[in-house]
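Structure assessment
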Amino acid sequence: MRSDPDLAHAAAQGNEAAFAELVRRHQGKVRGMARRLAGSEATGDDIAQVTFLTAWQKISTYAGGTFSAWICTICWREFLQWRRRQKMEIEFDETAEIIPFDRSADQNEMRMDLTRALETLSEAQRVCVVLCVATGLTHQEAADVTGWPLGTVKSHVLRGVTLLRTRLENTNVA
Amino acid sequence: MREQDAYKDLSDLFRAGDNALPAEPFTRQVMGNVRRQKMMRRLVVGSLGLAGAGIAALQLPALLGEWVGVDRAVTAALTTAPTELSTAAINQLSTAAMSNPVWLAVAAGAAFCVFAVSAFERA
């Protein structure tokens, strides 16, 4: 099986099949990340689409390293652009409020699952948990992607994971 | 212990959800957009190129008009310029030689060197 850098190199030469293989490999991760960040499946998939289109345009700038981290950086930027367009500017800090997602009454009555538990975290915690826990980036990669200090990312992940576990346990008990 | 090992259970849960997403429809959609974008770019670049070629073709008659007589002017300049230059050089050289004959020897040496180099270059 060809490695990601090999495929990216071929894609940079204009090989569409190689790029399609990269999309196939990473679509789950990118869509999952975008959906969790945006809090909506449809919006998340739109962001993921734009992410891969941007990746195709900029594939020649991929200079090796983890392809996941590279594509997640693009996804993160596309998410921020989408947020700017939505005029939902919220400071990413520990005091940030929890963003309420548009949920129907039926969905609100549904059992709290992993996704919903994630949505109860603060914005910054959710971003860090999505990047490190759900997407599988290292703390350093997540810090590079977001531009936040490594210590901040670590502490958000730690607190986020603890809260997530507590919420999931409570759900299971209920 | 790697940092990811501390929450491997949660990562596995998330990954299971991501892996369940059907890849093919999404990939087809992305590649369709990629091809559309590629085609659009070709169209834009091609039409701009054609427009540029059209503008250049319109300028061609004026450009050719400028060329008429250029070869004659160049030929005349090439034939007259060396003569004028050499005349001026000989005048300067003779003036220098009259003031100090050593200059004549220096000029002869330099001319010999230039001749030697050009002879070797041709070989």
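Residues numbered from 1 in each chain as written. Chains lettered and ligands numbered in written order. Predicted model: local features only at pLDDT ≥ 70, side-chain atom pairs only at ≥ 80, totals over all residues.

**Things to note about the overall build of chain B**
Under the convention used in this document: Put simply, DSSP marks the helices as runs of H or I at least four residues long and the strands as runs of E at least two long, and each gets a number from the N terminus on. Backbone-placed C-beta atoms define the burial measure: a residue is buried with 20 or more other C-beta atoms within 10 Å of its own, exposed with 12 or fewer, and partly exposed in between.
Scanning chain B from terminus to terminus reveals 4 helices and 0 strands. Along chain B, helices and strands appear, N-terminal first, in the series α-α-α-α. Taken over 123 residues, chain B has a buried fraction of 6%.

**Comments concerning the overall build of chain A**
What counts here: Any pair of residues counts as being in contact when their C-beta atoms, constructed from backbone geometry, are within 7 Å of one another.
In terms of regular secondary structure, chain A is built from 9 helices and 0 strands. When contacts within chain A are restricted to residue pairs at least 6 apart in sequence, those whose partners lie at least 24 apart make up 66%.

**Re the nonpolar core**
Worth spelling out the cut-off: Only buried Ala, Val, Leu, Ile, Met, Phe, Trp, Tyr and Cys residues enter a nonpolar core, and they are joined through C-beta atoms within 7 Å.
Judged by nonpolar contacts, the single largest core of 51 residues is most densely connected at Ala-34, Cys-75, Cys-128, Val-129, Leu-131 and Val-133 of chain A. The biggest single contributor to this core is helix α7 (residues 123-134) of chain A, with 9 residues. The contact partners of Val-133 of chain A, leaving out residues within four places of it in the chain, are Val-157 and Val-161 of chain A together with Tyr-7, Leu-10, Ser-11 and Phe-14 of chain B.

**Overview of helix α2 (residues 23-67) of chain B**
The condition is simple: Each helix should span, by expectation, one fewer than its residue count multiplied by 1.5 Å. Axes are fitted to the seven residues ending at a residue and to the seven starting at it; the angle between these axes is taken as the bend at that residue.
Over its 45 residues, α2 of chain B runs 63 Å from end to end, which matches the ideal 66 Å to within 8%, given 1.5 Å per residue. The sharpest bend along α2 of chain B reaches about 40° and sits at Leu-60 of chain B, with the proline Pro-61 of chain B one to four residues further on. Counting buried residues in α2 of chain B gives 3 out of 45 residues, a small share hidden from the surface. Contacts made by the buried residues of α2 of chain B are with α2 (16-38) and α3 (41-57) of chain A. Downstream of α2 of chain B by one or two residues, Gly-69 of chain B has phi in the positive range, about 90°.

**So, the confidence of the model for chain B**
Residue and element names in this part refer to chain B. Going by this rule: Predictor confidence is given residue by residue as pLDDT, running from a minimum of 0 to a maximum of 100.
Mean pLDDT for chain B: 82, with 95% of residues reaching 70 or above. Per-residue pLDDT, averaged within each element of chain B, yields its smallest value for helix α3 (residues 70-99) (76) and its largest for α2 (88). For this predicted complex, the interface confidence score (ipTM) comes to 0.75, while the overall pTM stands at 0.66.

**Notes on the interface of chain A and chain B**
To keep things clear, this is the line we draw: Gly is put with the polar residues, along with every residue not named as nonpolar or charged; the nonpolar set is Ala, Val, Leu, Ile, Met, Phe, Trp, Tyr, Cys and Pro, and the charged set is Asp, Glu, Lys and Arg.
Facing the 22 residues of chain A at the interface are 20 residues of chain B. Elements represented by at least two residues in the side of chain A that touches chain B include exactly α2, α3, α7 and α9 (150-173) of chain A. Top element by residues in the side of chain A that touches chain B is α2 of chain A. It accounts for 10 residues. When grouped by side-chain class, the residues that make up the side of chain A that touches chain B number 11 nonpolar, 7 polar and 4 charged.

**Topic: the packing of α2 of chain A against helix α4 (residues 67-86) of chain A**
Residues and elements named next belong to chain A. Applied cut-off: What counts as an axis is a line fitted to C-alpha atoms, over the stretch in contact for a helix, and the angles between N-to-C directions run from 0 to 180 degrees. Under this scheme an angle from 65 to 115 degrees is roughly perpendicular, one under 35 degrees roughly parallel, and one over 145 degrees roughly antiparallel; angles in between are oblique. Crossing handedness is defined as follows: a turn of the near helix away from the far one that is anticlockwise and smaller than a right angle gives a left-handed crossing, while the clockwise case is right-handed.
Two numbers describe how α2 lies on α4: the axes approach to 10 Å, and their chain directions differ by 30°. As summarised for this structure, α2 and α4 are arranged roughly parallel, according to the angle between their axes. Between α2 and α4 lies a crossing whose hand is right-handed. Mapping the contact onto sequence places His-26, Lys-29, Val-30, Met-33, Ala-34, Leu-37 and Ala-38 in α2 and Phe-67, Ser-68, Ile-71, Cys-72, Cys-75, Phe-79 and Trp-82 in α4. Looking at the contact of α2 with α4 residue by residue, the class counts come to 11 nonpolar, 2 polar and 1 charged.

**A word on the packing of α7 of chain A against helix α8 (residues 139-146) of chain A**
All names here are of chain A. One way to put it is that α7 packs onto α8 with a least axis distance of 9 Å and a crossing angle of 130°. Taken as axis vectors, α7 and α8 run oblique relative to one another. Helix-helix and strand crossings are classified by hand; for α7 and α8 the assignment is right-handed. Packed against α7, whose contacting residues are Val-127, Cys-128, Leu-131 and Cys-132, the element α8 presents His-139, Ala-142, Val-145 and Thr-146 at the interface.

**Details of the confidence of the model for chain A**
Of all residues in chain A, 83% have pLDDT values of 70 or greater, and the mean over the chain is 83. Scored below 50 in pLDDT, residues 103-112 of chain A makes 5 contacts in the model with residues more than four places away or belonging to other chains.

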